[in-house]
Amino acid sequence: MPQRVVTTSPLIVLIENDAANRMLAEMILSRAGYRLHSAADGQTALALLEGEVPALILTDLSMPLLDGYGLARALRARPRYAQVPLVAITAHAHAEERQRALSMGFADVLVKPYRREQLLALVERRLAGAAHP
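Residues numbered from 1 in each chain as written. Predicted model: local features only at pLDDT ≥ 70, side-chain atom pairs only at ≥ 80, totals over all residues. Heavy atoms only, no water.

Draft legend 1. Representation of the overall build of the protein in the model. Scanning the protein for helices and strands turns up five helices and five strands. Put simply, the protein runs from its N terminus to its C terminus through helices and strands in the order β-α-β-α-β-α-β-α-β-α. Taking 14 Å as the expected radius of gyration for a compact globule of 133 residues, we find that the protein reaches 15 Å, a close match to that expectation. For the protein, the C-alpha atoms occupy an extent of roughly 55 × 35 × 25 Å along the three principal directions. Within the protein, contacts between residues separated by at least 24 positions form 63% of all contacts whose residues are at least 6 apart in sequence. (Helix = DSSP H or I, 4+ residues; strand = E, 2+ residues; numbered from the N terminus. Rg over C-alpha atoms; globule rule 2.2 N^0.38 Å. Contact = heavy atoms within 4.5 Å.)

Draft legend 2. Region of the structure containing the sheet that holds strand β3 (residues 56-60). Strand order across the open sheet formed by five strands is β2-β1-β3-β4-β5, with parallel pairing between neighbours. Lying at the two open borders of the sheet, with one neighbouring strand each, are β2 (35-39) and β5 (108-111). Neighbour-to-neighbour, the strand axes of the sheet open up by a mean angle of 20 degrees, direction not taken into account. Along the sheet face, helix α3 (residues 68-76) touches β1 (11-15), β3 and β4 (86-90) and points at about 150 degrees away from the line of β3. Helix-sheet contacts for helix α4 (residues 95-103) involve β4 and β5, and the interaxial angle to β5 is about 145 degrees. (Pairing = 2+ DSSP bridges. Axes fitted to C-alpha atoms, helices over the stretch in contact; angles between N-to-C directions.)

Draft legend 3. Molecular detail of the nonpolar core. Membership of the largest hydrophobic core comes to 21 residues, with the highest contact counts inside it found for Ile15, Ile57, Leu75, Ala101 and Phe106. The set of elements that each furnish at least two residues to this core consists of β1, α2 (42-48), α3 and β4. The greatest single-element share of this core, amounting to five residues, is contributed by α3. Each residue touching alanine 101, except ones within four places of it in the same chain, is listed here: Leu61, Tyr69, Ala88, Phe106 and Val109. By size, the runner-up hydrophobic cluster in this structure holds 17 residues, among which are Leu14, Leu110, Tyr114 and Leu122. (Core = buried A, V, L, I, M, F, W, Y, C linked by side-chain atoms within 4.5 Å. Buried < 20%, exposed > 50% of the residue type's maximum accessible area, 1.4 Å probe, protein only.)

Draft legend 4. Expanded view of unusual backbone geometry. Residue lysine 112 is joined to proline 113 through a cis peptide bond whose omega torsion reads -5 degrees. Relative to the helices and strands, proline 113 resides in the loop between β5 and α5 (116-131). Unusually for a residue other than glycine, leucine 65 sits at a positive phi of about 70 degrees.

Draft legend 5. Broad picture of the environment of valine 13. Within the secondary structure, valine 13 sits in strand β1. Given a relative accessible area of 1%, valine 13 falls into the buried group. Between the alpha carbons of valine 13 and leucine 56 there is a distance of 6.4 Å; along the sequence they are 43 residues apart. Valine 13 has contacts with His37, Leu48, Leu49, Pro54, Leu56, Ile57 and Leu58, leaving out every residue within four places of it along the chain.

Draft legend 6. Spotlight on the packing of aromatic side chains. Enumeration according to the criterion identifies one aromatic pair in this entry. A centroid spacing of 6.3 Å and a plane angle of 90 degrees characterise the contact between tyrosine 69 and phenylalanine 106, whose relative ring orientation is edge-to-face. Highlighted residues: tyrosine 69 in helix α3 and phenylalanine 106 in the loop between α4 and β5, separated in sequence by 37 residues. Each of the two residues, tyrosine 69 as well as phenylalanine 106, counts as buried. One Lys or Arg, arginine 100, reaches over the ring of tyrosine 69 and ends 3.7 Å from the middle of that ring. (Phe/Tyr/Trp six-rings, centres within 6.5 Å; stacked < 30°, edge-to-face > 60°. Lys NZ or Arg CZ within 6 Å of the ring centre and 35° of its normal.)

If you want it as structure tokens, here you go:
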């Protein structure tokens, strides 16, 4: 009888203040088999992150309370999260916005609206990069 191999899916943290966008991304990622924690703003995400260290963090840039840039600064100041890849999600497709995000330590930028395939390809690419530095 073949042995069943049980693997633990990587944990992804999703921070998105728009409820419809958050629910859509949650559905896409969970159906793809990823474990997921989500929050509506950066401040809530920081509290959520006190548990375990995720494999990847996807965050909207424009949010109330603590935006994506503030969240990136807060995470990079904590050694525990310094190497976790951050992906910025934004509706602003300007080159300046992308450059600002990359200069602040984001690994990539995903522009809304995005397709399911774009999100999954980006997640797979970033998780592969995190697993093989």
